[in-house]
Amino acid sequence: MKISDLTTQMARVKNNKTEKQAKVSRVLAFSCVDGPGNRLVLFLQGCNFDCITCHNPHTINHCNHCGECVSGCPSSALSLVEGKVKWDPVACTNCDQCIDICDHKSSPKITTMTVSDVLELVRHNQFFLSGITISGGEATMQLPFIIELFQAIKSDPQLAHLTCFIDSNGSLPKQGWDRVLPYLDGAMIDLKSWQSETHQWLVGRGNHRVLKTINYLAEKGKLHEVRLLHIPNRSDLEDEIEQVGNYLKALPSDVRIRLNAFQHHGVVGEALEWPKCTKKQMQSFHDKLYTIVQKPMQTPEVYT
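Note on numbering: residues in each chain are counted from 1, in written sequence order. Side-chain atom pairs in this predicted model are given and counted only at pLDDT of 80 or more, local residue features only at pLDDT of at least 70, and totals for whole chains, interfaces and linings cover all residues. Heavy atoms from the whole structure form the basis of all side-chain values; hydrogens and water molecules are not counted.

Caption draft 1: Main features of the nonpolar core. By nonpolar core is meant a set of buried Ala, Val, Leu, Ile, Met, Phe, Trp, Tyr and Cys residues that side-chain atoms within 4.5 Å join together. Under the scheme applied here, a residue whose accessible area is under 20% of the maximum for its type counts as buried, over 50% as exposed, and between as partly exposed, the area being computed with a 1.4 Å probe on protein chains only. Among the nonpolar cores identified, the biggest contains 74 residues, and Ile-132, Leu-149, Phe-150, Trp-177, Leu-228, Leu-248 and Leu-289 are the most heavily contacted of them. Element by element, the count of residues in this core is highest for helix H4 (residues 143-154), at seven residues. Residues are treated as being in contact if the distance between any of their heavy atoms lies within 4.5 Å. Residues in contact with Leu-248, not counting those within four places in the same chain, are Val-226, Leu-228, Ile-257, Leu-289, Val-293 and Lys-295. Counting residues in each nonpolar core, the second largest holds nine residues, with Val-70, Ala-77, Val-85 and Cys-98 among its members. Starting at the N terminus, helices and strands are each numbered in turn, a helix being any DSSP run of H or I of at least four residues and a strand any DSSP run of E of at least two.

Encoded structure:
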């Protein structure tokens, strides 16, 4: 090997060691429901909420390598090597049996991606994209990776036109948002309940920081969308309709409001016993809220 080639290889290894990495559960090359336009979406692994109604519960925890999923894999894509579960994406048929069998709310099918890995994907699809959205799990649990990625996109003349969005549960403190704001174009935040006690029951934490996040991002002009999950007879959003409506009405006029209907898709545990939100129930919730908010609110097109 030439000295120049060896030097280049050593530099690459050094860069890989210092380059930020993320644990990625899934990548969508194209999505029209995760922010404005057509977007590349990264779903990061790990969440600090434990929502009863989570439709992606396998993104909450990191694999504890118990090995329970290995023997049941029909394509032999999983193996136990030196006490660690290893996943072979080539052999995998994505039947998700490993996810179904996991009691730890995790997945063995996690990929470690560097900022360069993601940039390569973005460049490959850049002419078809409006931007990139980082979701989860809870995206902001891997904030240093997001900051480095967004910074790289904004500093690249060929990619700088792409918008950078975060889909979040709103738990990140102000200091964290301050770090990413210079590179952030918008955020979508979930408001799961009005009373902190109800929020604590639904997700395992209160909603004080969520409301502070919504207010702060609105003040900074970075709040793209607030999402409300309507769970009839479980959440308190409808019971607190006047307070919720007045709060949403006070947000900047360009902030979108999306109303989501609780469904069973992906849900595990006790929430599977809860009745799904019907189209009629959603319409009633929308109409009550609209009388106060007096601006368009997006409702689901499909009820499963």
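Right, picking up where we left off after that structure.
Caption draft 2: Inspection of the sheet that holds strand E2 (residues 39-44) at higher detail. Pairing between strands is defined by DSSP: at least two bridges between the two strands are required. In space, the eight strands of this open sheet follow the order E5-E1-E2-E6-E7-E8-E9-E10, with mixed pairing throughout. At either end of the open sheet lies a strand with only one pairing partner, and these are strand E5 (111-114) and strand E10 (256-261). Here the average twist between neighbouring strands, direction ignored, is 30°. Where strand E9 (residues 223-230) and E10 come together, six bridges link them in parallel fashion. Its bridge partner being in E10, Leu-228 is matched across the sheet by Leu-259. Sheet strands in contact with helix H3 (residues 115-125) are strand E1 (21-31), E2, E5 and strand E6 (131-135), and its direction is about 80° off that of E5. Across the sheet, helix H9 (residues 279-293) touches E9 and E10, and the angle it forms with E10 is around 155°. Here, axes are lines fitted to C-alpha atoms. For helices the fit covers the stretch in contact, and angles between N-to-C directions go from 0 to 180 degrees.

Caption draft 3: Geometry of the UniProt feature "domain: Radical SAM core" (unreviewed entry) in the protein. UniProt positions are given in the numbering used here, feature names are shortened, and annotations may be inferred rather than shown by experiment. Here the UniProt feature "domain: Radical SAM core" (unreviewed entry) sits at residues 33-301. A distance of 12 Å separates the end C-alpha atoms of residues 33-301, which is 29% helix and 18% strand.

Caption draft 4: Layout of helix H6 (residues 196-203). Taken together, the buried positions of H6 are Thr-198, His-199, Leu-202 and Val-203. Projected onto a plane normal to the axis of H6, the buried residues spread over an arc of 105° and lie on a single side. Contacts from the buried residues of H6 go to helix H7 (208-219). Taking the helix axis as origin, the arc is that swept by the directions to the C-beta atoms.

Caption draft 5: Quick peek at H3. For H3, the complete set of buried residues consists of Val-115, Val-118, Leu-119, Val-122 and Asn-125. The buried residues of H3 all sit within an arc of 135° when viewed along its axis, so they share a single face. Exposed residues pointing more than 90 degrees away from the buried face of H3 are listed as Glu-120 and His-124. Contact partners of the buried residues in H3: E1, E2, E5, E6 and H4.

Caption draft 6: View of the pattern of salt bridges. Within this document, salt bridges are pairs made up of a side-chain nitrogen of Lys or Arg and a carboxyl oxygen of Asp or Glu, the two lying within 4 Å of each other. Scanning the entire structure with this criterion turns up 12 salt bridges. In this structure, Asp-50 and Lys-105 form a salt bridge, with 2.7 Å as the shortest nitrogen-oxygen distance. Of the two residues, Asp-50 sits in the loop between E2 and strand E3 (78-81) while Lys-105 sits in the loop between helix H2 (97-101) and E5, which places them 55 residues apart along the sequence. Here Asp-50 falls in the partly exposed class, since its relative accessible area comes to 38%. Note that Glu-225 is salt-bridged to Arg-256, the shortest N-O span being 3.2 Å. You can see Glu-225 sitting in strand E9 and its partner Arg-256 sitting in strand E10, a full 31 residues away along the chain. Under the relative-accessibility criterion, Glu-225 is labelled buried at 2%.

Caption draft 7: Quick look at the packing of aromatic side chains. Only Phe, Tyr and Trp rings take part, Trp by its six-membered ring, and two of them pair if their centres are within 6.5 Å. Stacked means planes under 30 degrees apart, edge-to-face means over 60, and tilted covers everything else. Overall, the coordinates contain four aromatic pairs when judged by the stated rule. For the ring pair Phe-30 and Phe-128, a centre distance of 6.3 Å and an interplane angle of 90° mean the geometry is edge-to-face. With a gap of 98 residues between them, Phe-30 in strand E1 and Phe-128 in the loop between H3 and E6 connect regions that are remote in the sequence. One aromatic cluster is present, formed by Trp-201, Phe-262 and Trp-274 through successive ring pairs.

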